[in-house]
Amino acid sequence: MNKLHWADFAAEKILRERGELDEYTCASGITPSGTVHIGNFREIISVELVVRALQDLGKKVRFIYSWDDYDVFRKVPSNMPKPEILEKYLRYPITEVPDTFERDESYARHHEIEKRTRYFIDTANLFFLGGYYVI
């Protein structure tokens, strides 16, 4: 079979460098350190494609997806209110940075809720609100 996808090349490289294993572990994750952007999706899908390429080669793969809410607060985003307060928390874990929108218990929790709202659907609520229709 002709392999043309970069993930196939990555999977073959993993096999060459790691050798034959009972199980391969791939890991990915995002951090609630700021607003939602395309890089969040890229981080997830890139590793997912390598996992699938390994599985296509008959390998058992464990995919660990992490939510890194202990990431370091590196800079104050321009869209956040009260930047003067946030500046005092540079280099702190984002779970210890206050939510200057004053909605959630921390900066991390605020952005976690924002990402969940944009990326995920609460199917139970959607179903009971009539958002799903049987065709």
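The structure under discussion appears in the preceding block.
Reference entry: report on the structure contained in this document. This structure is a prediction, so every number in the text was calculated from the model and none was measured.

## Re the overall build of the protein chain
Helix and strand counts for the protein chain come out as five helices and two strands. For the protein chain, the N- to C-terminal ordering of α and β elements is α-β-α-β-α-α-α. The buried share among the 135 residues of the protein chain stands at 30%. Taking the intrachain contacts of the protein chain between residues at least 6 apart in sequence as the baseline, contacts between residues at least 24 apart amount to 54%. With an accessible surface of roughly 9,600 Å², the protein chain has 54% of that area assigned to carbon and sulfur atoms.

## Focus on the packing of aromatic side chains
For any pair of aromatic rings, geometry is given as the distance between the ring centres together with the angle between the planes. This structure, assessed with the given rule, holds two aromatic pairs. An angle of 65 degrees between the planes, with centres 4.9 Å apart, marks the rings of Phe73 and Tyr107 as edge-to-face. Of the two residues, Phe73 is situated in the loop between strand 2 (61-67) and helix 3 (83-86) and Tyr107 in helix 4 (residues 107-119); the sequence distance between them amounts to 34 residues. Its relative accessible area of 1% is what places Phe73 among the buried residues.

## Thoughts on the packing of helix 1 (residues 6-18) against helix 2 (residues 38-56)
At a minimum axis separation of 8 Å, helix 1 and helix 2 run at an interaxial angle of 65 degrees. With respect to helix 2, the axis of helix 1 lies roughly perpendicular. In terms of crossing hand, the pair formed by helix 1 and helix 2 is right-handed. Residue-level contacts link Trp6, Ala7, Asp8, Ala10, Ala11, Ile14 and Leu15 of helix 1 to Ser46, Leu49, Val50, Ala53 and Leu54 of helix 2. Here the residues of the contact of helix 1 with helix 2 sort into 10 nonpolar, one polar and one charged.

## Topic: the nonpolar core
If you look at the biggest cluster of nonpolar residues, it comprises 10 residues: Ala7, Ala11, Tyr24, Cys26, Val47, Val50, Val51, Ala53, Leu54 and Val61. For this core, the secondary-structure elements that each account for two or more residues are helix 1, strand 1 (24-30) and helix 2. Leave out the neighbours within four places in its chain, and Val51 touches Cys26, Val61 and Phe63. Residues Met80, Leu86, Tyr107 and Ala108 belong to the second largest nonpolar core, which totals seven residues.

## Some points on helix 2
Taking 1.5 Å of rise per residue, the 19 residues of helix 2 would be expected to cover 27 Å, and the 27 Å separating its terminal C-alpha atoms lies within 8% of that figure. Here helix 2 has its buried residues at Asn40, Ser46, Val47, Val50, Val51, Ala53 and Leu54.

## Brief notes about the side chain of Thr31
Turning to its location among the elements, Thr31 is positioned in the loop between strand 1 and helix 2. Within the structure, the side chain of Thr31 is placed 2.9 Å from the backbone oxygen of Asp68, a separation counted as a polar contact. A distance of 3.2 Å separates a polar atom in the side chain of Thr31 from a polar atom in the side chain of Asp71. Contact partners of Thr31, with chain neighbours within four places excluded, come to Asp68, Asp71, Ile94 and Lys115.

## What to know about unusual backbone geometry
Residue Arg91 is not a glycine yet carries a positive backbone phi of 75 degrees. With respect to the helices and strands, Arg91 occurs in the loop between helix 3 and helix 4. According to the relative accessible area criterion, Arg91 is exposed, its value standing at 60%.

What counts and what doesn't
Residues numbered from 1 in each chain as written. Predicted model: local features only at pLDDT ≥ 70, side-chain atom pairs only at ≥ 80, totals over all residues. Heavy atoms only, no water. Helix = DSSP H or I, 4+ residues; strand = E, 2+ residues; numbered from the N terminus. Buried < 20%, exposed > 50% of the residue type's maximum accessible area, 1.4 Å probe, protein only. Contact = heavy atoms within 4.5 Å. Areas by Shrake-Rupley, 256 points an atom, 1.4 Å probe, with all protein chains shown as cover. Phe/Tyr/Trp six-rings, centres within 6.5 Å; stacked < 30°, edge-to-face > 60°. Axes fitted to C-alpha atoms, helices over the stretch in contact; angles between N-to-C directions. Parallel < 35°, antiparallel > 145°, perpendicular 65-115°, else oblique. Left-handed = near helix turned anticlockwise from the far one by under 90°. Nonpolar A, V, L, I, M, F, W, Y, C, P; charged D, E, K, R; others polar. Core = buried A, V, L, I, M, F, W, Y, C linked by side-chain atoms within 4.5 Å. Expected span 1.5 Å × (residues − 1). Polar contact = N/O pair within 3.5 Å; in protein donor to acceptor, adjacent residues only side chain to side chain.

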